[in-house]
Amino acid sequence: MHIPWDQCDYKAAREYVEEKGMTFGTLNTNMFQDNDFRLGTLANSDKKIRKKTVDTLNHCIDVAHTVGAKSLNVWTIDGSDIPGQNDYRMRRKWMLESLKEGYDHAVSCGVQYNIEYKLFEPSSYHMDIPDWGTALYYASRLGEQAKVTVDLGHHAFGVNVAQIVSLLIDEQRLGAFHLNDNVCADDDLIPGTINPLRLFAIENEIVAGICEKETESSALQGLDISFYIEPKVEAMILSVVNLQTAYAKALLVNRKKLQQLQLDNDILGANQCLMQAYHTDVSLLLEEWRNRHGIQGDPYTNYIHSEYFADSKKRG
């Protein structure tokens, strides 16, 4: 859900979702459409605008609590477009103060507080939270319940996202993912369609963290995708299948062998150990897993031949 886009009877929405055997994962704040937020939200120089933003943020937290969502994803448009437009130090102060007010309310509601970053857009000269390091800085200043959301499309070219994931896991600050794929920037394409190796590398770090800490990952893996020409439900199904495929391959990595090869500085041997898992066909493994959970056949094919698909065609 995105607030205020998805306004509804939130209690009824929770009941409906739970009837379907599901729960809400992460709610997202959309603090960018109001004209008052044109020059910023949490770091706006106008104290009244900052208060309005915090009120909006707290409302989102209340909605998350009502629907039973595990966490709230906080993304801000704040930044500037030309040199000298803003004072960086003042904006950091305002940002931290505003985030703290929302964080305290989230803690009282039992909602995890995830901070998202973005290299650019809508501001082109600077963004107040442009990267994972800045997001981690604010999360560390707020408290243990503050985490970082990693969006695969929010980095400069050449940035190793798997490395970022590894560090955030070790620091216990990995809160959530916005999983997608990209060619140019924040394209929000189906994850695994452009760079399946990157998706595998990220899942590999998650599995490595689980193995090392002997506990399940608490990071929520959300899909942040925008369909222009692809049919929406079919694209969502393929996104989940690609994610399951990457995760299954990551589970096949021989970690003891890989670690020894790395310690021996056997560069190509370590690479081949990792790539052996990546190149493994896991389709039969996933088919067996689905069969055990009462899901027969390929999910995409099942949908194409389902009554849901037929009804969608009738509705146009």
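Check the entry above for the structure.
Residues numbered from 1 in each chain as written. Predicted model: local features only at pLDDT ≥ 70, side-chain atom pairs only at ≥ 80, totals over all residues. Heavy atoms only, no water.

Help me understand the sheet that holds strand E9 (residues 220–223) in this model?
The strands that make up a sheet pair up through hydrogen bonds in the backbone, lying either parallel or antiparallel. Strand order in the open sheet formed by seven strands is E1-E2-E3-E5-E7-E8-E9, with parallel pairing between adjacent strands. Lying at the two open borders of the sheet, with one neighbouring strand each, are strand E1 (2–3) and E9. Relative to strand E7 (residues 146–151), strand E5 (residues 112–116) runs parallel, the two sharing four bridges. Bridging across to E7, Glu116 finds its partner in Thr149. (Pairing = 2+ DSSP bridges. Helix = DSSP H or I, 4+ residues; strand = E, 2+ residues; numbered from the N terminus.)

I keep staring at the packing of aromatic side chains and nothing clicks. Help me out?
One pair of aromatic rings is described through two measures. These are the centre distance and the angle between the planes. Counted under the stated rule, the structure contains six aromatic pairs. Residues Trp5 and Phe32 carry aromatic rings whose centres are separated by 5.9 Å and whose planes lie at 85° to one another, so their mutual orientation is edge-to-face. A residue pair is termed long-range when its members are at least 10 positions apart, and Trp5 in the loop between E1 and helix H1 (10–19) and Phe32 in the loop between strand E2 (26–29) and helix H2 (47–67) qualify at 27 residues. Relative accessible area serves as the criterion here: at 47%, Trp5 is assigned to the partly exposed category. Judged by its relative accessible area of 30%, Phe32 falls in the partly exposed class. Seen from their ring centres, Tyr303 and Phe309 are 5.6 Å apart, and the 80° between their planes marks the pair as edge-to-face. In this pair, the class of Tyr303 matches that of Phe309, namely buried. Feature note: the residues Trp5, Phe32 and Trp75 constitute an aromatic cluster, connected by ring pairs. Here Lys52 stacks its cationic end above the ring of Phe37, 5.6 Å away from the centre of that ring. The ring of Tyr278 carries Lys249 above its face, with NZ or CZ at 4.9 Å from the centroid. (Phe/Tyr/Trp six-rings, centres within 6.5 Å; stacked < 30°, edge-to-face > 60°. Buried < 20%, exposed > 50% of the residue type's maximum accessible area, 1.4 Å probe, protein only. Lys NZ or Arg CZ within 6 Å of the ring centre and 35° of its normal.)

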